[in-house]
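Given next are the chains, with one letter for each unit.
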Amino acid sequence: MSKKKLNIVLSTAVPLPIENIDTDQIIPARFLKATTRDGFGENLFRDWRYDSSNKPVADFILNNGKYKGEILIAGKNFGSGSSREHAAWALADFGFRVVVSSFFADIFKNNALNNGLLPVQVSMKFLSKIFEEIGNDPNIKLEISLENQTISIPSKTLSENFDINPYKKHCMLNGLDDIDYLINMENKIIEFEKTMQKW
C-alpha cells in the first residue's frame, strides 16, 4: 500500500521524557484485535492517557493542549518489548510523522520505517537540548529533513545529523512500500530475467 511521501517535517513537538517505553505502553495488548491500521490512535498510550474510569489523566502530556504537533520526542530506548507493528500504526494514526529518541529498539525502528513513521535517533546531548527548548517554549518548531538527514531547531540554529537505511530513505521520500518498490522495478526485473535466460 502506497504511503504519504515524507521529506520535510516542520512542526511543534510533544515531549515525553520517559525512558524504556515499550510497545505495550504505546498500544496495550487488549486493543490489538483489529486487523486494519485505522483507529489505533485513539488508544495510543491508553493506560497513561486515561484512568480506570476512562477519564483523561490531566497531567499526561497528550492531554495537555499546550503541546501538539507531528513530532514526538521520547526518552532513551523507545519501542522496546514485544514485536508489535500496531505500535507504529497507533503513533501514525494519532498524527505523528516523526519520533525522536536517543535510541530505538530495532524491531520498532523497522516497523516504523515500514509504515511511514520516521524514527530519528539523536545523541543524548541533543535530545536533552530539545527537551529543554520545548520546556522553555511549547510553540518552538523543529525541522526534520529526510533528504539531508538533519534535525534542527531553526530559531536556535541547533542541528544534528541522523542515519537511515538508504533503501528505507528512498521509499519514504517517494511514498513507497516494499511492494510498490518492486512494481516500480518491474522493467528492470524483466530485463534481468531476459539476460539470465541467455545463459
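Fair warning: this is a prediction, and the values are worked out from it, not measured in the lab. (Residues numbered from 1 in each chain as written. Predicted model: local features only at pLDDT ≥ 70, side-chain atom pairs only at ≥ 80, totals over all residues. Heavy atoms only, no water.)

(A) Inspection of the packing of aromatic side chains at higher detail. Summed over the entire model, instances satisfying the criterion amount to eight aromatic pairs. Ring geometry for F78 against F104: centres 6.3 Å apart, planes inclined by 85 degrees, an arrangement best described as edge-to-face. Taken together, the positions of F78 in the loop between strand 3 (71–74) and helix 3 (85–94) and F104 in the loop between strand 4 (98–101) and helix 4 (106–114) put the pair 26 residues apart, joining distant regions of the chain. For F78, a relative accessible area of 0% corresponds to the buried category. F104 sits in the buried class, given a relative accessible area of 1%. For the pair F104 and F108, a centre-to-centre distance of 6.2 Å together with 15 degrees between the ring planes defines the contact as stacked. Judged by its relative accessible area of 2%, F108 is buried. In textbook terms, an aromatic cluster arises when at least three aromatic residues are bridged by ring pairs, as seen for F45, W48 and F60. (Phe/Tyr/Trp six-rings, centres within 6.5 Å; stacked < 30°, edge-to-face > 60°. Helix = DSSP H or I, 4+ residues; strand = E, 2+ residues; numbered from the N terminus. Buried < 20%, exposed > 50% of the residue type's maximum accessible area, 1.4 Å probe, protein only.)

(B) The environment of K169, seen in detail. Along the chain, the position of K169 falls in helix 6 (residues 166–174). A sequence separation of 163 residues divides K169 from L6, and the C-alpha atoms of the two residues are 9.2 Å apart. K169 has contacts with L146, E147, Q149 and I164, leaving out every residue within four places of it along the chain. A distance of 3.1 Å separates a polar atom in the side chain of K169 from a polar atom in the side chain of Q149. (Contact = heavy atoms within 4.5 Å. Polar contact = N/O pair within 3.5 Å; in protein donor to acceptor, adjacent residues only side chain to side chain.)

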